[in-house]
Amino acid sequence: MPFWKRRPSKKPLPPRRRGISFGLASDIGRVRASNQDQVLASLTFLPTPGGPIPLGLFMVADGMGGHAGGARASMRAVEVVAAHLFRELLLPVLHGYPPEAIQDALREAVHEANRRILNEAREEGNDMGTTLTSVLLLGERCYVAHVGDSRLYTCGPEGLRCRTRDHSMVARLLEMGQISAEEARHHPKRNYLYQSVGQQEALEVEITSFPLDCSHLLLCSDGLWGSLTDEEMASLLQSTDDPQEACDRLVERANEAGGEDNISVIVVALPVVQASACATIVTQGTSS
């Protein structure tokens, strides 16, 4: 039975969330002169022959290329991807037609944003680029399109788990075993990306999907995960049942840790029972 229609168990259970909710926050931090991050969060329910199903779209984009270029690139990426997905997925479902393959739609949406940003940069002679982590929730499954070093985490019984790979030079060195995790956190080239939206025509979009068997989704820019440990983020997620309060606490703690970059975060709280509550264990890896 879908998680949004599950009947309560006859056995006593602790209080639980009965629906999907989310919070978001984006902060300039304590060092930067402007905020070049963009966030988007949208949640609705789609009518289908089998009853309404939840559809959520969540995005975090971290712009680069100077004040004007970075902010514009992140805004354009969010705008284009959202417009493409609502046109190619939401409208067909609302009119009773099955949507095209979801992963293909996600990939094409990011490529469309890449073309738009490249064209604007060439026309104006600007250097524009952005990371982009896009999450589409449809029914009981999560679909992800990812470029750059913003991140998606899940939190559930297995603990906090990173579901995306950083497209950075330092992440590649770490994967090859040439540096340690601690060295990666403080590496002078940790912000050098080999993949970003709007920086190259041959863009490889990381597409993954997995079932929604967790209690939280956490999307964030590197201003958050670069300031806090995974253990700290997991602890703050558990500190409140309110996703907006969780976002505010995460941003506050990142600023207390120095606030060296813009800090953007989205927390999506999913219906949970005791067996799927978020744990403090931290694991790594992606799903497909």
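Cut-offs applied
Residues numbered from 1 in each chain as written. Predicted model: local features only at pLDDT ≥ 70, side-chain atom pairs only at ≥ 80, totals over all residues. Heavy atoms only, no water. Helix = DSSP H or I, 4+ residues; strand = E, 2+ residues; numbered from the N terminus. Buried < 20%, exposed > 50% of the residue type's maximum accessible area, 1.4 Å probe, protein only. Contact = heavy atoms within 4.5 Å. Areas by Shrake-Rupley, 256 points an atom, 1.4 Å probe, with all protein chains shown as cover. Phe/Tyr/Trp six-rings, centres within 6.5 Å; stacked < 30°, edge-to-face > 60°. Lys NZ or Arg CZ within 6 Å of the ring centre and 35° of its normal. Expected span 1.5 Å × (residues − 1). Salt bridge = Lys/Arg side-chain N within 4 Å of Asp/Glu carboxyl O. 1 Å grid on protein atoms, 1.4 Å probe; cavity = no way out; pocket = protein on both sides within 12 Å on 5 of 7 lines; lining within 4 Å. Points joined across faces, edges and corners; volume = space filled by probe spheres on them.

**Re the overall build of the chain**
Scanning the chain for helices and strands turns up 7 helices and 12 strands. Across the 288 residues that make up the chain, the buried fraction comes to 51%. Restricting the contact set of the chain to residue pairs at least 6 apart, pairs at least 24 apart contribute 73%. Summed over its atoms, the accessible surface of the chain is roughly 13300 Å², and 51% of this surface lies on carbon and sulfur atoms.

**A closer look at the packing of aromatic side chains**
For the coordinates displayed, the defined rule picks out 1 aromatic pair. Measuring from centroid to centroid gives 5.6 Å for Phe22 and Phe58, while their planes differ by 70°, and the two rings are edge-to-face. Of this pair, Phe22 sits in strand β1 (residues 21–27) while Phe58 sits in strand β3 (residues 53–64), and the two are 36 residues apart along the sequence. Judged by its relative accessible area of 0%, Phe58 is buried. Over the ring of Trp225 we find Arg151; its NZ or CZ atom is 3.5 Å from the centre of that ring.

**Some details on helix α2 (residues 102–124)**
Compared with the 33 Å implied by 1.5 Å per residue over 23 residues, the 33 Å span of α2 between its first and last C-alpha is a close match. One or two steps after α2, the chain reaches Gly125, where phi turns positive at roughly 70°.

**Topic: the pattern of salt bridges**
For the coordinates displayed, the defined rule picks out 14 salt bridges. Where Arg87 meets Glu112, a salt bridge forms, and the shortest distance between an N and an O atom there is 3.5 Å. One end of the pair, Arg87, is in helix α1 (residues 66–94); the other, Glu112, is in helix α2, with 25 residues separating them in the sequence. Here Arg87 falls in the partly exposed class, since its relative accessible area comes to 38%. A salt bridge links Arg249 to Glu245; its shortest N-O distance comes to 2.3 Å. Of this pair, Arg249 and Glu245 both sit in helix α7 (residues 243–256), 4 residues apart, which is roughly one turn of the helix. By relative accessible area, Arg249 is classed as partly exposed at 28%.

**A look at empty space enclosed by the protein**
Over the atoms, a rolling probe the size of a water molecule traces out where space has been left empty. Scanning the model with the defined rule gives 2 cavities of 30 Å³ or more in all. Counted as a void, the largest cavity has a volume near 40 Å³. Lining the largest cavity we find Leu55, Leu57, Leu85, Phe86, Leu89, Leu90 and Leu136. The set of elements that each furnish at least two residues to the lining of the largest cavity consists of β3 and α1. The greatest single-element share of the lining of the largest cavity, amounting to 4 residues, is contributed by α1.

Keep in mind these values describe shape, not function.
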